[in-house]
Every structure is written in structure tokens, then in C-alpha cells.
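# Fold and geometry: a report
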Amino acid sequence: MSLTLATTTPGEPEIFPSLQGEGPSAGRPCVFVRLSRCNLACRWCDTAYTWRFTGDIRPHRDDLTFERSENQITLDVREAAMRILALRPTRLVITGGEPLLQAPSLAKLIPMLREAVPALEVEIETNGSVPPPHAIMQLVDQFNVSPKLSHSGNAEHLALVPELLRDWAASPKAWFKFVVADMDDVNEVAELQAMYRIPSERLFVMPEGTSSETLRERSKWLAGAALTHGWRFTDRLHIHLYGDTRGT
Ligand SMILES: C[S@@+](CC[C@H](N)C(=O)[O-])C[C@H]1O[C@@H](n2cnc3c(N)ncnc32)[C@H](O)[C@@H]1O
Ligand SMILES: Nc1nc2[nH]cc(C(=O)O)c2c(=O)[nH]1
Ligand code: SF4
Ligand SMILES: [Mg+2]
């Protein structure tokens, strides 16, 4: 069984230690694993190298195949586990791309890691549009679910998501993290919250941006909107610390 990962440089799988930069566990030391491929295609995606390959215009369509890319590498699950364990993880963040596209391999990887580190805590970053298999719901401690608003440009795909969002909202393991670029987005978050009964306690808003300047500018009014609506606010610590750099 194998996993397809993103790469930092050709041939080097994107497995790295860093502080969690976003959401409910921001500031925690973690090991990150970034998987390749995504079912969506967000206009402002900061990791488009995980899915935008040559000749691949609509990656979430089944009729398009992915071309080989130096931005991805396939490893046996056992090899991926060894590389992760070498970094002595206490908490793991599995991200992408969309990690739930490789759920069956993750259901092999996580128990393998826990055999070596029984107390290992595991988070998954997901766009919330791929149904998580039961085994994954059991194995993972925390899901950082980032449903995409209309400004992401995934309109026709997002029409399929509503039922799933209701399920995520009902799970105490799911924390919502909405990427916001302007006040229209704030209003859309409020609508989704009401429609799917997302508890404010588990709802974060996060500014869209890949530079400190943009994040600071947007944080000023977004912090106010969070206060008005009773939501949580999260910055993107890693961008301030390291910039928009692979493997950080
Ligand atoms: C690259 S995604 C990978 C996981 C999954 N595909 C998702 O979208 O949740 C990781 C996180 O980064 C966020 N993100 C991506 N590009 C961003 C940007 N330009 N500004 C702010 N957040 C961004 C996503 O919304 C998500 O919360
Ligand atoms: N430090 C750090 N924190 C993160 N939180 C979510 C990330 C992601 O890309 O999913 C991320 C990332 O890439 N780096
Ligand atoms: S869902 Fe996540 S990885 Fe996929 S395009 Fe959007 S932000 Fe990027
Ligand atoms: Mg990121």
C-alpha cells in the first residue's frame, strides 16, 4: 500500500517539523506530512503545486488524468512511517492537497505510527468535501475542516457538500476554519453557520493571504467581525515566521 506525497525539492517528500500555524492547536510543535492531489481547485490555494500539474486544468474531474510531476513522490506506507518516526513526533498534522483522497492508506499509516508512539496525536487538514471513512473518524483526534466559500471558485463542486457539512458539524472532533478575504465572505460564513448549525466554539475565521502584510491588513477588520459574530480568529503563524515556503 502506498501514499503519494508532495515534495519540497524533487525526490524529497514533504515531511517536516513545524509549529502548527493555524486553528485550535496553533503554536503546538508538530510533524507535518503533505500529501499530493486535490479534488478542488481553489483560486488562492497556497499549495497549488500539490495538484496543478502540466496539462491538468480541472483536477477534480474524473476524466482527466494527472501527469507525472516532480512535485509528487509515491512511497510505500512503511517507508513513509519510517521517515515520519525519524522526526520523533508527538503530534502529527496530515495535510495536502486533500488528504482524505488517500484515506485507505492513512488507515494503515496511523496504526503503524501508533505502534511506535502509542500516545501520538493526529490532526487532519481537510476541505470537508470528501466523506471520511469510519476507520478514519476513529483513528484521528482532530479534523481541521476548511469548507470553501464561493470566492474559492469551486461552485459546481461545492453543491455536493451540504450533507457532509452537517455531519462534520455534528462531530466534536471537527473544527471549522473558514478562509476569508472580504466582508462578503464573512456574510457567507454566517449563512453557512446558521444552515449547518456549526457551534461558534468550533468556528474559526482566518484571513486569506500568503504574506505578513496581507494577513495583518485583513486581520484588522476580520478580528472585529469575529468579535461581532462570537467566532474564533486564527492567524497564520507560519507565514509570519517563515513566509510562504515549502516544508515550513
Ligand atoms: C492547503 S490546505 C490543505 C488541506 C485541505 N485541502 C483544505 O483546503 O483544507 C490547508 C489549509 O490552508 C488554507 N489555505 C490555502 N490557501 C490559503 C491562502 N491563500 N490563505 C489562507 N489560507 C489558505 C486552506 O483553507 C486550509 O485550511
Ligand atoms: N506551520 C504550518 N502550519 C500549518 N497549518 C496548516 C498547514 C497546511 O498547509 O495545511 C500548515 C503548514 O503548512 N505549516
Ligand atoms: S481544497 Fe485545499 S489543497 Fe485543494 S485547492 Fe483548495 S486550499 Fe488547495
Ligand atoms: Mg499551509
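Scroll up to find the structure.
Scope of this entry: the structure provided in the associated data block.

About the cut-offs
- Residues numbered from 1 in each chain as written.
- Chains lettered and ligands numbered in written order.
- Predicted model: local features only at pLDDT ≥ 70, side-chain atom pairs only at ≥ 80, totals over all residues.
- Heavy atoms only, no water.
- Buried < 20%, exposed > 50% of the residue type's maximum accessible area, 1.4 Å probe, protein only.
- Helix = DSSP H or I, 4+ residues; strand = E, 2+ residues; numbered from the N terminus.
- Arc of directions from axis to C-beta.
- Phe/Tyr/Trp six-rings, centres within 6.5 Å; stacked < 30°, edge-to-face > 60°.
- Lys NZ or Arg CZ within 6 Å of the ring centre and 35° of its normal.
- Contact = heavy atoms within 4.5 Å.
- Polar contact = N/O pair within 3.5 Å; in protein donor to acceptor, adjacent residues only side chain to side chain.
- Near = heavy atom within 4 Å.
- 1 Å grid on protein atoms, 1.4 Å probe; cavity = no way out; pocket = protein on both sides within 12 Å on 5 of 7 lines; lining within 4 Å.
- Sits in = over half its atoms within 2 Å of the grid points.
- Nonpolar A, V, L, I, M, F, W, Y, C, P; charged D, E, K, R; others polar.
- Core = buried A, V, L, I, M, F, W, Y, C linked by side-chain atoms within 4.5 Å.
- Points joined across faces, edges and corners; volume = space filled by probe spheres on them.

Attention now goes to helix α5 (residues 162-170). Regarding α5, the residues found buried are Leu164, Leu165, Trp168 and Ala169. One face of α5 carries all of its buried residues, which in axial projection span an arc of 140°. Relative to its buried face, α5 has exposed residues pointing more than 90 degrees away, namely Glu163, Asp167 and Ala170.

Scanning all chains against the criterion turns up 4 aromatic pairs. With a centroid separation of 5.1 Å and an interplanar angle of 5°, the aromatic rings of Phe16 and Phe32 are classed as stacked. Note that Phe16 is positioned in strand β3 (residues 15-19) and Phe32 in strand β4 (residues 29-34), a separation of 16 residues in sequence. Across the ring face of Tyr49, the terminal group of Arg246 is positioned such that the distance to the ring centre comes to 3.6 Å.

Relative to the elements of secondary structure, His240 occurs in helix α8 (residues 237-242). Spatially, the C-alpha atom of His240 lies 9.3 Å from that of Gly21, the residues being 219 residues apart in sequence. In contact with His240, other than residues within four places in its own chain, are Ser212, Leu215, Arg216 and Asp235. One polar contact links His240 to Ser212, side chain to side chain, over a distance of 2.6 Å. Looking at His240, its side chain comes within polar contact range of the side chain of Asp235, at 2.9 Å.

Every residue near ligand 3 is listed here: Cys38, Leu40, Ala41, Cys42, Cys45, Trp51, Gly97, Asn127 and Lys148. Placement of ligand 3 is best described as lying within the largest pocket. Residue classes in the shell around ligand 3 are distributed as 6 nonpolar, 2 polar and 1 charged.

Among the nonpolar cores identified, the biggest contains 52 residues, and Leu92, Leu109, Trp168 and Phe176 are the most heavily contacted of them. The greatest single-element share of this core, amounting to 5 residues, is contributed by helix α2 (residues 103-116). Once residues lying within four places of it in the same chain are set aside, the contact partners of Leu109 are Leu3, Val77, Ala80, Ala81 and Ile84. By size, the runner-up hydrophobic cluster in this structure holds 5 residues, among which are Leu40, Ala41, Ala48 and Trp51.

On to the layout of surface pockets. Empty space within the largest pocket amounts to approximately 790 Å³. Along its surface, the largest pocket is lined by 45 residues, and Arg34, Asp46, Thr47, Thr95 and Arg236 are the ones closest to its centre. The element that contributes the greatest number of residues to the lining of the largest pocket is β3, accounting for 3 residues. Across the lining of the largest pocket, the residue classes break down as 16 nonpolar, 17 polar and 12 charged. The volume enclosed by the second largest pocket comes to roughly 250 Å³. For the second largest pocket, the lining is made up of 15 residues, of which Lys148, Leu149, Leu158, Glu188 and Leu192 are closest to its centre. Listed by contribution, the elements that provide at least two residues to the lining of the second largest pocket are α4 (155-158), α5 and α6 (183-196). No other element matches the 5 residues that α6 contributes to the lining of the second largest pocket. Taken together, the residues that form the lining of the second largest pocket break down as 11 nonpolar, 1 polar and 3 charged.

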